[in-house]
Amino acid sequence: MTQATLPLIDIDALVRDDEVHRDCYVSNEVFDLEMERIFGQAWVYVGHDSQIPDAGDYWTTLIGRESVVMTRDKQGEVHVLYNRCPHKGARIAPEGCGHVKGLFRCPYHAWTFNMDGQLRGVPYREGYEGTSFDIEDPRFSMRKVGRVANYRGFVFASLAEEGVSFESFIAGVKSSLDNFCDRAPNGTVSVAGGVFRVMQRSNWKVFFENLNDTGHPIATHESSYRAARQYSNEKLGGEMPFQLHIIDGNGAPPKFWSDLDLHAFDYGHSYMTAIFKAPDDPLSQAYFQSLAEAKGEETAKEILSVNRHNTIIYPSCSPHTSFQQWRVIRPISPDRTLVEIFTFRLDGAPEELLQRTFIYSNVVNSPSSIVMTDDVHVYAECQKGLETQGGDWVSQHRNAGQDQPYEGADGGVIGVGSSELPIRNQFRAWHQYMSDAARPADGDTGS
Ligand SMILES: [Fe+2]
């Protein structure tokens, strides 16, 4: 991740309109450059502010290779700091979430800090007299990351102090964030339950490519949807309860997938129409009632008519608006990707609805899911194959050249459901970030 690697990588030679070079997935040098040029620039999801409801709460995570900590101070403000003591460099917040009484204290020499990172106390203070140490000097405080944006509780940060504004960055998929929250009678959501973590043996971009790839379910998930159908036929007389319905849906015929809509936007973002519908049962009716009481029947119907499967917020996360899932993607190395799965409560909705959210997470996204294991297996197979000398190029040809501008509300580009539009779109953004031209130059520095 140094300037020394730059002349060795010809970014233009790695990406074509409808295929990409395997080095994008397997090269250490490319990965190093991604950490600098993509994760050092882009708006990256940090966490949800409901994870740190009180002053003194914190949540640690990664932005690229940078260990960071999200905090809440006494005024209620949220900060994102590098997790490093300015004294000897020790990480100050232990991994995960936690709470401190007023001040962070470094575990090494007990330097203390406000939740906004400002240095408050240094033991053996007299020893610093007559030195260049100055407790007021910002270089002796925990450093803040370049920029932070909090949109309806979703906290994103950019390590770069200048660059594309969050508003410009999120524009195409902002409607997914809005719908995520608007589905709550109170208009707010909060993280509920714990977090599932899965370390995938594949490149981070392989996971992103899969999220809106409708060509894979009927093949990749054959074993799981066949098992669901068999169980339904043999044990339930053909009934498909919610738990089985969300496995069975992957076996829909090709026309079903082609008829879906794929929408793609600047910066690599996209979303697709929903695959699975919530059942029309007493729980769904009670939920609708709670939403209608809060917002009126027409508005409630309008909100629920926005029914999407995965939204991609490239390069760090993917909300599932209909079932309140949020996946966070952390690249670890060219062939290792950490995926974290969070579940959210719709504030004001019947408590039982959260159980449905957990069911979806357990069945589709958890480490013990029989659906996600299908995916994780083929991702690892992709990585192993890409590491061979069996070929240099990866195809993205399906429906290339057929995408059309979308005249509807979110704009962007639309493609048929079976198109590889979202994948080509991600690599357009990848190419832009990775090229020198992607460096901030438009003076658009707001956050
Ligand atoms: Fe899949």
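Residue positions are given per chain, counted from 1 along the sequence in the order it is written. Totals for whole chains, interfaces and linings use every residue, but because this is a predicted model, local features are given only for residues with pLDDT of at least 70 and side-chain atom pairs only at 80 or more, for both listing and counting. Side-chain calculation: all heavy atoms of the structure are included, whereas hydrogens and water are not.

Peer 1: Any details on the packing of aromatic side chains? Residues and values, ideally.
Peer 2: Each pair of aromatic rings taken from Phe, Tyr and Trp, with Trp reduced to its six-membered ring, is defined by centres within 6.5 Å and is described as stacked if the planes are under 30 degrees apart, edge-to-face if over 60, and tilted in the remaining cases. Taken as a whole and judged by the stated rule, the model has 30 aromatic pairs. Relative to F344, the ring of F154 has its centre 5.9 Å away and its plane inclined at 55°; by these criteria the two rings are tilted. On the criterion of sequence distance, the pair formed by F154 in strand β11 (residues 154-158) and F344 in strand β18 (residues 336-346) is long-range, its members being 190 residues apart. F344 carries the same exposure label as F154, and that label is buried. An angle of 50° between the planes, with centres 5.8 Å apart, marks the rings of F427 and W430 as tilted. With F427 and W430 both in helix α14 (residues 421-434) and 3 residues apart, this pair spans about one turn of that helix. Since its relative accessible area comes to 2%, F427 is described here as buried. Secondary structure counts use DSSP, requiring at least four H or I residues in a row for a helix and at least two E residues in a row for a strand, with both numbered from the N terminus. Residue exposure (1.4 Å probe, protein chains only): buried if accessible area is under 20% of the type maximum, exposed if over 50%, otherwise partly exposed.

Peer 1: Requested: an account of helix α2 (residues 28-37), with residues and values cited.
Peer 2: The element α2 is largely enclosed, with a buried count of 8 among its 10 residues. Elements in contact with the buried residues of α2: α1 (23-26), α5 (204-211), β17 (325-333) and α14. Two or three places before E29, at the start of α2, stands the capping residue S27, its side-chain oxygen 3.1 Å from that residue's backbone nitrogen. The contact rule is simple, with two residues in contact once any of their heavy atoms fall within 4.5 Å. Polar contact criterion, stated in full: a pair of N or O atoms within 3.5 Å, where within protein one must be able to donate a hydrogen and the other to accept it, and residues adjacent in sequence count only if both atoms are side-chain atoms.

Peer 1: Please set out the sheet that holds strand β8 (residues 112-113) residue by residue, giving values where relevant.
Peer 2: Two strands pair if DSSP finds at least two bridges between them. The strand order β7-β8-β9 describes an open sheet built from 3 strands, whose pairing is antiparallel. Edge positions in the sheet fall to β7 (104-105) and β9 (119-121), since each of these pairs with one other strand and no more. Note: β8 against β9, 2 bridges, orientation antiparallel. Residue pairing across strands places F113 opposite L119, the latter belonging to β9.

Peer 1: Explain the coordination of the iron ion residue by residue, including any values.
Peer 2: Bound to the iron ion on the protein side are H216 (NE2), H221 (NE2), D375 (OD) and D375 (OD), at distances that span 2.0 to 2.7 Å. Any nitrogen, oxygen or sulfur atom within 2.8 Å of a metal ion counts as a donor, with the limit raised to 3.2 Å for Na, K and Ca, and since water is left out, coordination shells can look unfinished. Only four donors with every angle between 85 and 135 degrees are called tetrahedral; only four or six donors with opposite donors over 155 degrees apart and all others between 65 and 115 are called square planar or octahedral, in that order; all others are irregular. Taken together, the 4 donor atoms coordinating the iron ion and their angles of 52 to 149° define a geometry best described as irregular. Read in sequence order, the donor residues for the iron ion give the motif H-x4-H-x153-D. Here the residue H221 occupies a position in the loop between α6 (217-220) and α7 (222-235), and D375 occupies one in helix α13 (residues 372-386), the gap between them amounting to 154 residues. Of the two residues examined, H221 and D375, each falls in the buried class.

Peer 1: Run through the sheet that holds strand β10 (residues 147-151), naming residues and quoting values.
Peer 2: Strand order in the open sheet made by the 3 strands is β2-β11-β10, with antiparallel pairing throughout. Each edge of the open sheet carries a strand with a single partner, namely β2 (44-48) and β10. Across the sheet, the mean angle from the axis of one strand to that of its neighbour is 25°, orientation sign disregarded. Of the pairings in the sheet, the one linking β2 to β11 comprises 4 bridges and is antiparallel in character. Bridging from a neighbouring strand, G47 pairs with V155 of β11. As a rule, the C-alpha atoms of each element are fitted with a line to give its axis, helices using only the stretch in contact, and angles between N-to-C directions run from 0 to 180 degrees.

Peer 1: Just give me the short version of α14, but keep the residues and values in it.
Peer 2: How far a helix is expected to stretch is found by multiplying one less than its residue total by 1.5 Å. Across its 14 residues, α14 extends 20 Å between first and last C-alpha, which sits within 8% of the 20 Å expected from 1.5 Å per residue. Most of α14 is tucked away, with 11 of its 14 residues classed as buried. Restricting attention to buried positions, one finds in α14 the residues L421, P422, I423, R424, N425, Q426, F427, A429, W430, Y433 and M434.

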